[in-house]
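Close look at the chain arrangement
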Amino acid sequence: MTSNPVTDLARAARLASVSMQAVTNEQKNEALLRIKQVLAERKDEIAKANEKDKQIAEEQVKAGKLSGSLFKRLDLFKGDKFDTVLSGVSDIATLPDPTKQVTRAVKLDDGLDLYRITVPVGVLLTIFEARPEVVVNISCLALKSGNAVILKGGKEATHTNAALAKVIQDALASLPESNGIPKEAVQIVETREDISALLDLDRYVDLVVPRGSNSLVRYIQNNTRIPVLGHADGICSVYLDKDLDVEKACRIVVDSKTDYPAACNSAEQLLVHASLLQTDAFAKVAQALLQANVTLKCDPESLAALGSSSLIPSDLRDKVVAAGPKDYDTEFLDHIIAVKVVSDVNAAVEHINEHGSKHTDAIVTENEAAADYFTTRVDAAGCYWNASTRFADGFRYGFGAEVGVSTNKTHARGPVGLEGLVIYKYTVRGNGHAASDFGSGKKQYMHKTIAPEDYKVYGVGSVYPGSGLEKQ
């Protein structure tokens, strides 16, 4: 039989994932700390690869073939970014093992016990653009959760991605044989053809996690039978309610838009309660945005209000422009925000549910009832009250890092950390029991909760928080 390299790679990942099922938390942490050590030791090697990618990408930006937002995500050594990546590895190692946890335990009959136990998903296929640190983040999350992972980064970071993957594989290969984690647990592919082939291998790949543009995610969703966990857009909104605190509003809106405009959790729309046009509140928020170099694409009402406001400096008025219909369905990923006036909180909710991407949306108000209405009815993975949308992040949520952000309604939603990389299986322990012994006129099921101290499952002793099985 003719060997196919991509199929062989996927098969090797599947075999590695089977081996990972039996790995202990101590062995996982040993591997993670070894990865951190080797990454630090080979920092110069990784930096050279990253510099090569940046030089090529800079020419692509000048030629108009690569966006500035993607270029910004490419630099792995800007500020303390690389040190943060290393710290993230340690953070993941300190997190609880998400596998082998009991989320339900029920006595069906004397000697017949049912357990629901968390287990790894299996083989992850992660496809992402720019951000080379994703190689480290996702590899470490996969290993901690007992999964194997196949990585495909964007061509703009080819050299950096390859260098990082090689370091991780070398670190795994250098572990003692007793560790049990094979180097094939982390693999990388480089071409689009490889991805097309992998998307057909639902026999070996269990979950696809895309991180990138709308077109990338849509392509993957439309070209595979494998479940896809991710989000196509990051169209996030901030709604300014009539009962807002102006100082809070300025801080929240400016941070949501400008802290990292190229991120999927940056605000792309500003919704304004109509009554704020009659005061200085909206103009003060607009002024703060303009001073932060943000262009405001306004609907007719907000455009007229800012046009007549003395708070808008004359040298910044050229950044206040009319919005087009498509602007309310656009992820700008830049210093641009679409502005729309709404009649009340209900209208804001309706607009977000119609034009948003179910990612993260925020309300600025001192009115608890309005905040409750907004956070209850907005259909998004994250709904915030008086806080920047930029908090929608796995690291900030305490996940150590994130594999991505999901707007799905099944399995995992929002920033996805370790708990989104496990599924569960049901285990029944019996003693010669037969289902035909139960029913009308026969034995009845007991359906009694089993206390944690009475668990009788090999290798399981922990309890998943919120499962209702914690000791009182």
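Think of each chain on its own: its residues are numbered from 1, step by step along the sequence as written. Residue-level local features of this predicted model are given only where pLDDT is at least 70; pairs of side-chain atoms are given and counted only at 80 or more, and the full residue set underlies all totals for whole chains, interfaces and linings. To obtain the side-chain values, all non-hydrogen atoms of the structure were included, while hydrogens and water were left out.

Another point: the packing of helix H2 (residues 25-41) against helix H6 (residues 133-144). Between two packed helices, what matters for the description is the angle formed by their axes and the separation of those axes. Packing of H2 against H6 leaves a shortest axis separation of 9 Å and a crossing angle of 160°. Comparing the axis directions of H2 and H6 gives the class roughly antiparallel. At the point where H2 passes H6, the crossing takes the right-handed sense. Together, Asn25, Lys28, Asn29, Leu32, Ile35 and Leu39 of H2 and Val136, Cys140, Leu143 and Lys144 of H6 make up the contact between the two elements. Tallied by class, the residues present in the contact of H2 with H6 amount to 6 nonpolar, 2 polar and 2 charged. Geometry is summarised by axes, namely lines fitted to C-alpha atoms with helices restricted to the contacting stretch, and by angles between N-to-C directions that run from 0 to 180 degrees. Secondary structure elements follow DSSP: runs of H or I no shorter than four residues count as helices, runs of E no shorter than two count as strands, and numbering proceeds from the N terminus. Throughout, the term roughly parallel applies to angles under 35 degrees, roughly antiparallel to angles over 145, roughly perpendicular to angles from 65 to 115, and oblique to all others. Should the near helix be turned anticlockwise from the far one by less than a right angle, the crossing is termed left-handed; should it be turned clockwise, right-handed. Contacts are assigned to residue pairs with any non-hydrogen atoms lying within 4.5 Å of each other. Each residue gets one label: Ala, Val, Leu, Ile, Met, Phe, Trp, Tyr, Cys and Pro are nonpolar, Asp, Glu, Lys and Arg are charged, and the others, such as Gly, are polar.

Here Val23 shows up in the loop between helix H1 (5-20) and H2. For the pair Val23 and Leu143, spaced 120 residues apart in the sequence, the C-alpha separation amounts to 9.7 Å. Not counting chain neighbours up to four residues away, the residues in contact with Val23 comprise Lys28, Lys100, Asn179, Gly180 and Ile181.

On to the domain arrangement of the chain, then. What counts as a domain boundary in this text is fixed by an automatic or database domain assignment. If you check the domain split of the chain, you get domain 1 (5-222) and domain 2 (236-399). Using only C-alpha atoms to locate each centre, domain 1 and domain 2 end up separated by 34 Å. Domain 1 puts 7 residues into the contact, and the matching count from domain 2 is 7 residues. Summed over both partners, the accessible surface that disappears when two parts come together, traced with a 1.4 Å probe, is what is meant by buried area. Here domain 1 meets domain 2 over a buried area of about 590 Å², counting both sides, of which 47% is carbon and sulfur. Here, a salt bridge means any side-chain nitrogen of Lys or Arg that lies within 4 Å of a carboxyl oxygen of Asp or Glu. The interface formed by domain 1 and domain 2 holds 0 salt bridges in total. A per-element tally of the side of domain 1 that touches domain 2 places helix H4 (residues 68-74) first, with 3 residues. When grouped by side-chain class, the residues that make up the side of domain 1 that touches domain 2 number 2 nonpolar, 1 polar and 4 charged.

Residues belong to a common nonpolar core when they are buried Ala, Val, Leu, Ile, Met, Phe, Trp, Tyr or Cys residues joined through side-chain atoms within 4.5 Å. A 1.4 Å probe rolled over the protein chains alone gives each residue an accessible area, and that area as a share of the maximum for its type sets the label: buried under 20%, exposed over 50%, partly exposed in between. By size, the foremost hydrophobic cluster in this structure holds 70 residues, and its most contacted members are Leu39, Leu125, Leu143, Leu172 and Leu198. The element contributing the most residues to this core is H6, with 8 residues. Counting 36 residues, the second largest nonpolar core, distinct from the first, contains Ala286, Val294, Val339 and Val341.

One open sheet holds the 4 strands; their spatial order is E5-E4-E3-E6, and the pairing between them is parallel. The two strands at the open ends of the sheet, each matched to only one other strand, are strand E5 (186-188) and strand E6 (207-211). Geometrically, the sheet is characterised by an average inter-axis angle of 20° between neighbouring strands, direction not taken into account. Pairing geometry for strand E3 (residues 123-128) and strand E4 (residues 148-152), over 5 bridges, is parallel. Its bridge partner being in E4, Ile127 is matched across the sheet by Lys152. Sitting on the sheet, H1 is in contact with E3, E4 and E5, with an inclination near 145° to E4. Docked against the sheet, helix H7 (residues 158-173) engages E3 and E5, running at close to 155° with respect to E5. By the convention used here, strands pair only if DSSP detects at least 2 bridges between them.

As a further point, take the sheet that holds strand E9 (residues 295-298). Spatially, 7 strands are ordered E10-E9-E11-E8-E7-E12-E13 in an open sheet, and the strand pairing comes out parallel. The sheet is open, and its two edges are formed by strand E10 (320-322) and strand E13 (382-385), each paired on a single side. With strand direction ignored, the average angle separating the axes of adjacent strands in the sheet is 25°. As paired strands, strand E7 (residues 236-240) and strand E12 (residues 360-364) are joined by 4 bridges and run parallel to one another. Across the sheet, the residue bridging to Ser237 is Asp361, located in E12. Across the face of the sheet, helix H11 (residues 281-291) comes into contact with E7, strand E8 (267-273), E9, E10 and strand E11 (336-342) while running at roughly 160° to E8.

A word on the pattern of salt bridges. Going through the model one piece at a time under the given rule, you end up with 21 salt bridges. Between Lys28 and Asp97 there is a salt bridge whose closest N-O contact spans 3.1 Å. Here Asp97 lies in the loop between helix H5 (81-94) and strand E1 (101-109) and Lys28 lies in helix H2, a separation of 69 residues in the sequence. Note on accessibility: Lys28 and Asp97 belong to one class, buried. A salt bridge links Lys358 to Asp379, with the nearest nitrogen and oxygen atoms 2.8 Å apart. Here Lys358, found in the loop between helix H13 (345-355) and E12, pairs with Asp379, found in the loop between helix H14 (368-377) and E13; they are 21 residues apart in sequence, far enough to count as distant. Ionic contacts of the salt-bridge type, sharing partners, join the residues Arg42, Glu45, Lys166 and Asp170 into one network.

Glancing now at the UniProt feature "coiled-coil region" (unreviewed entry) in the chain. The sites that UniProt annotates as "coiled-coil region" (unreviewed entry) are residues 32-59. The span residues 32-59 carries 96% helix and 0% strand; its end-to-end C-alpha distance comes to 36 Å. UniProt positions are given in the numbering used here, feature names are shortened, and annotations may be inferred rather than shown by experiment.

Another aspect to go through is helix H9 (residues 214-222). All buried positions along H9 are accounted for by Leu216, Val217 and Ile220. Angular distribution of buried residues about the axis of H9 spans 95°; they occupy a single face of the element. Residues of H9 that are exposed and angled more than 90 degrees away from the buried face: Ser215 and Asn222. Contacts made by the buried residues of H9 are with E3 and E6. Comment: arc refers to directions from the helix axis out to C-beta atoms.

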